[in-house]
Amino acid sequence: MAVVNSAVHELFRTPVWVVDLDPKVAAPLNRQIMAMLDEMTGERVAKRAGQTWQTRQDLHTTKPLKPLVDHLRSTVRGALTFLDVEYEDFNITGCWANINPPGAKHSSHTHPNNYLSGVYYVKADKGADEINFYDPRAQASAIMPKARKFNYFNGNVVTVETKPGRIVVFPAWLVHGVPQNRSTAERVSIAFNVMLTGFGDAMSKPMWEQSAVSEP
């Protein structure tokens, strides 16, 4: 075969942004966040195996989280600059804590009616330090031959490592989930949603109420 030219085009790329705060900044911030959550939730005694605690959704309006919100907004501005989209401003439409005791997980899901979503990690010990992103193309898994070695072109799940002080931002439509907490400590993260101003602020608010959610 006489080849004159050959190229592979990576079509419809999906960006996921990962930003690590300086440990000297993250450590005191995480202590402040944990103190707030401990006061807010009291003694967290799991009623059932696999139970996940979620706080109210307006943590971005609280004083203890203001320093974190500044970092989140800066990260989002960087993501929007990377995407090169036009916008006047953006709002954080919801912000809440997820507290996963040992054995708990967070099933795959998306965040409807928002443009970007993200997570900041407060506590993520070994065994509770991953977030999975799933291929959103339904047709891509119709035929999946056994791979000699998984890569971005033959797999349908990408795992991103998490750790305290790390911010992960991604399109709100991207399916994601957190595997079972295999550590002996709580996994604590702050999740948030972002919508561009003018796209319908009322639609972007979370559609669920504060609760302790039990995963199957």
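Before any of the text, the structure's been laid out above.
Residues numbered from 1 in each chain as written. Predicted model: local features only at pLDDT ≥ 70, side-chain atom pairs only at ≥ 80, totals over all residues. Heavy atoms only, no water.

Caption draft 1: Quick peek at the packing of aromatic side chains. Applying the stated criterion to the full structure yields three aromatic pairs. Relative to F170, the ring of F133 has its centre 5.0 Å away and its plane inclined at 65°; by these criteria the two rings are edge-to-face. Of this pair, F133 sits in strand 6 (residues 130-134) while F170 is found in strand 8 (residues 166-171), placing the two residues 37 residues apart along the sequence. Residue placement shows R73 over the ring face of F90; its charged tip is 4.2 Å from the ring centre. (Phe/Tyr/Trp six-rings, centres within 6.5 Å; stacked < 30°, edge-to-face > 60°. Helix = DSSP H or I, 4+ residues; strand = E, 2+ residues; numbered from the N terminus. Lys NZ or Arg CZ within 6 Å of the ring centre and 35° of its normal.)

Caption draft 2: Just the side chain of N100, in detail. Here N100 lies in strand 3 (residues 90-100). The class for N100 is buried, based on a relative accessible area of 2%. A polar side-chain atom of N100 sits 3.1 Å from a polar atom in the side chain of T52. The contacts of N100, once residues within four sequence positions are left out, are T52, K105, N181, A185, E186 and R187. (Buried < 20%, exposed > 50% of the residue type's maximum accessible area, 1.4 Å probe, protein only. Polar contact = N/O pair within 3.5 Å; in protein donor to acceptor, adjacent residues only side chain to side chain. Contact = heavy atoms within 4.5 Å.)

Caption draft 3: The nonpolar core, seen in detail. Among the nonpolar cores identified, the biggest contains 32 residues, and I33, L37, L65, Y120 and I190 are the most heavily contacted of them. At the level of secondary structure, the elements contributing two or more residues to this core comprise helix 1 (23-41), helix 2 (66-83), strand 3, strand 5 (116-123), strand 8 and strand 10 (187-196). In this structure, Y121, V160, V168 and F170 belong to the second largest nonpolar core, which totals nine residues. (Core = buried A, V, L, I, M, F, W, Y, C linked by side-chain atoms within 4.5 Å.)

Caption draft 4: Fine view of the pattern of salt bridges. Taken as a whole, this structure holds seven salt bridges when the rule is applied. As a salt-bridge pair, R166 and D20 come within 2.6 Å of each other at their nearest N and O atoms. Here the residue R166 occupies a position in strand 8, and D20 occupies one in strand 1 (residues 17-20), the gap between them amounting to 146 residues. Residue D135 is joined to R137 by a salt bridge in which the shortest nitrogen-to-oxygen separation is 2.6 Å. Using a relative accessible area of 23% as the deciding quantity, one classes D135 as partly exposed. Residue R137 is classed as exposed on the basis of its relative accessible area of 51%. (Salt bridge = Lys/Arg side-chain N within 4 Å of Asp/Glu carboxyl O.)

Caption draft 5: Structural view of the side chain of S117. By the element assignment, S117 lies in strand 5. The buried category is assigned to S117, whose relative accessible area is 0%. One polar contact links S117 to N193, side chain to side chain, over a distance of 2.7 Å. For S117, the contacting residues outside a window of four places in its chain are H111, V168, V169, F170, P171, A172, F192 and N193.

Caption draft 6: Looking closely at a nonpolar patch on the surface. Taken together, the side chains of V8, Y152, F153 and V158 define a hydrophobic patch exposed on the protein surface, amounting to about 500 Å² of accessible area. A relative accessible area of 59% places F153 in the exposed class. (Patch = residues over 30% accessible without salt bridge, like charges linked within 9 Å, V, L, I, M, F, W, Y side chains within 5 Å. Areas by Shrake-Rupley, 256 points an atom, 1.4 Å probe, with all protein chains shown as cover.)

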